[in-house]
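Remarks on the overall topology
Residues per chain, in single letters:
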Amino acid sequence: MSLVTKLVCVNCSGEFAEGQAFTCPGCGMDEGILDVWFDLDRAARTLTRESLAKRPRAHWRYRELLPLDDTDHPVVTGVGWTPMIEVPRLAEALEIGRLRLKDEGRSGSGSFKDRASSIGVARAMQERATSVACASTGNAASSLAYCTAVAGLRAEIFVPHNVPEGKLAQLLAYGARVFRVGGSYAQAYDLCTRACDRFGWYNRNCAVNPYLVEGKKTGGLEVAEQCADDPPDWVVCSVGDGCSIAGVYKGLAQMEAIGIVAWRTRMLGVQAEGAAPIAAAWRTGEFVRSADGDTYADSINVPVPRNWNKALRAVRDSDGAYVTVTDAEIMAAVRLTGRLAGVFAEPAAAAAVAGIAAARRQGIVDNRSDVVAMITGNGLKDTTGALRAVPGPHDVPPDLDRVVHIVEHDAPCPPEDAG
Ligand SMILES: *Cc1c(COP(=O)(O)O)cnc(C)c1O
C-alpha cells in the first residue's frame, strides 16, 4: 500500500481518489493538473534520519513518499543520489558566498528526467502495461527509453522534427520506437495522447500524469538530505514546463514537514528570455500563453507550459524569484560551468548558473548567499549546442613549431566575467 491519500486539482481544489483520474475532468486537461497528497504523519514514523542512513543510495530510499504500492520497488537502477559538488571557483566568479551543484547529468540517461521516468515506469508495471509512451523534445524521451530498457518494457516515443541528434541517437540506441513528427511539439504531443488512447499505452507525459512530479520531487528530497545540517539560502532550477521546480520545492517542503530538516529554502526559477511565460506571469500576475518559443536551450523551450500554476506557487510559497536569461548568457554559463567546476552542462542546465549571475546583478542574491543549483542535464546530450558556446580548437599540422607559435602567442584563458 502506498501512503497516497488523495489527488487534488491545482485549479479547483476538487479531490479524487487514487486511480480515479489523471487530470481533473471538470477543469480539463490544460488546467486540471492534479497534485498527489500523502499521509505525512505515517511517513514520518518510518522515514527518519536513522532509517535513511541504512537505505540504498538511490531515490527509492524515499519509498514512503513515492506513489507506489509495492514499497520495495527498485525496478529501474542508476537513478538518484547524484552528487552535490562544492564549486568554490565558480562561486567566486559569480561573486556569491558559496555554490554547490547537484549534478543530475550523472543520472542513468544523463538528465533530471530520469527521476520522473523511473516512477512512470514503476507505475506502468503496477498497472501491467507493457508499453510506455511520451512526447518530448528530448530528455523526457531519452530518459523514458533508458528506464524502459532497464525494466524490460517497450518505449513509444514522439519527437518533433528538430530534436537534437545526441538525444535521438540515445533513443534509438535504447531500442525505442521513435515517431519523428513533421510538425510542432504541440502536434507531437497531441498525436502521442491519441495513440495512447488507441493502443492502451501508459502515458508518461508529465502534464497529464500526476505521479511523475513525485519522481522529480526526489531531487528536492535529496537536496534536503544532502544539505541537512548545512542549508543553502537558495535552490536554483531552470524552468520549461514547470514540473521540475515544482517537484524540487515539494520535496524540500515534505522533508521539513516530516521533520528530517528544520528549514526550507527560497526557490530561484530561471527561464530563457525567448520562452519565459512563467517568469512573465510572476512579474505581471497574469499567465499568458506565448505563440512560440525561441531559445538555444531546447529543453526549456516551452512556450505553453502546462505546469505553470505549480511552478508559480513553488516560487511564491518559498518567497523566491524568477529571472530570465539570454542565449548569450546561457552560452557563457556553459563555458564557466565547464571550466570552473568541471561540470559539462547542457544549455538548459547551464541556464541555472546563468540565472545566478542575473539574480546577482539584480540584487536578488548577494555576495554572501549560499546557493545550490540543479544541473539538470549533461552537455554530451547536445554537442552541437555545446560547440556553439565554446571557442574552436587550434587546427595544426603535426608540427611542433606551430604548437610553439600558438602557445607563445595565444592569450591565456581569458578571465571571463559571469555574463
Ligand atoms: C526538462 C528540463 C528542464 C525543465 O524542467 P521542466 O519540468 O520542463 O520545467 C530543465 N533542464 C533540462 C535539462 C530538462 O531536460
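All of these numbers come straight from a predicted model, not from anything done at the bench.

In a structure, side chains of opposite charge can pair up when their charged atoms sit close to one another. A full pass over the atoms with the stated rule returns 27 salt bridges. The network of salt bridges with common partners includes Asp35, Glu214, Lys217, Lys250 and Lys310.

With that settled, the discussion passes to the pairing of strand S13 (residues 370–375). Judged by how many residues are buried, S13 sits mostly within the fold: six of six residues are covered. Alternating positions in S13 separate into two faces, Asp370, Val372 and Met374 on one and Val371, Ala373 and Ile375 on the other, with burial throughout. Of the strand pairs in this sheet, strand S5 (residues 98–103) and S13 are connected by six bridges, and their pairing is parallel. Pairing of Arg98 across the sheet is with Asp370, part of S13.

Take the packing of aromatic side chains next. Inspection of the entire model under this criterion finds seven aromatic pairs. Between the aromatic rings of Phe287 and Trp308, the centroid separation amounts to 4.3 Å while the plane-to-plane angle is 0 degrees, which identifies the pairing as stacked. In this pair, Phe287 is assigned in the loop between helix H11 (277–284) and helix H12 (308–317) and Trp308 in helix H12, connecting sequence segments 21 residues apart. The residues Phe287 and Trp308 share a single accessibility class, namely buried. Every member of this aromatic cluster is reached through a ring pair, and the members are Phe22, Tyr202 and Tyr211. Positioned above the aromatic ring of Trp37 is the side chain of Lys6, whose terminal nitrogen or guanidinium carbon lies 4.7 Å from the ring centre.

To continue, consider the side chain of Asp382. Secondary-structure assignment places Asp382 in the loop between S13 and helix H15 (383–389). No salt bridge is formed by the buried Asp382; its nearest oppositely charged neighbour, Lys167, is found at 5.5 Å. Apart from the residues lying within four places of it in its own chain, the contact partners of Asp382 are Pro164, Asp298 and Pro347.

In the neighbourhood of the ligand, 16 residues make up the surrounding shell, with Lys113, Asn139, Gly242, Ser244 and Thr376 lying closest. A distance of 2.8 Å separates an oxygen atom of the ligand from a polar atom in the backbone of Gly240. With respect to the ligand, the backbone of Cys243 contributes an N or O atom lying 3.1 Å from an oxygen atom. Relative to its free-state accessible area of 380 Å², the ligand is covered by the protein chains to the extent of 96%.

Parameters and conventions
- Residues numbered from 1 in each chain as written.
- Predicted model: local features only at pLDDT ≥ 70, side-chain atom pairs only at ≥ 80, totals over all residues.
- Heavy atoms only, no water.
- Salt bridge = Lys/Arg side-chain N within 4 Å of Asp/Glu carboxyl O.
- Buried < 20%, exposed > 50% of the residue type's maximum accessible area, 1.4 Å probe, protein only.
- Helix = DSSP H or I, 4+ residues; strand = E, 2+ residues; numbered from the N terminus.
- Pairing = 2+ DSSP bridges.
- Phe/Tyr/Trp six-rings, centres within 6.5 Å; stacked < 30°, edge-to-face > 60°.
- Lys NZ or Arg CZ within 6 Å of the ring centre and 35° of its normal.
- Lys, Arg positive; Asp, Glu negative; His and termini not counted.
- Contact = heavy atoms within 4.5 Å.
- Near = heavy atom within 4 Å.
- Polar contact = N/O pair within 3.5 Å; in protein donor to acceptor, adjacent residues only side chain to side chain.
- Areas by Shrake-Rupley, 256 points an atom, 1.4 Å probe, with all protein chains shown as cover.

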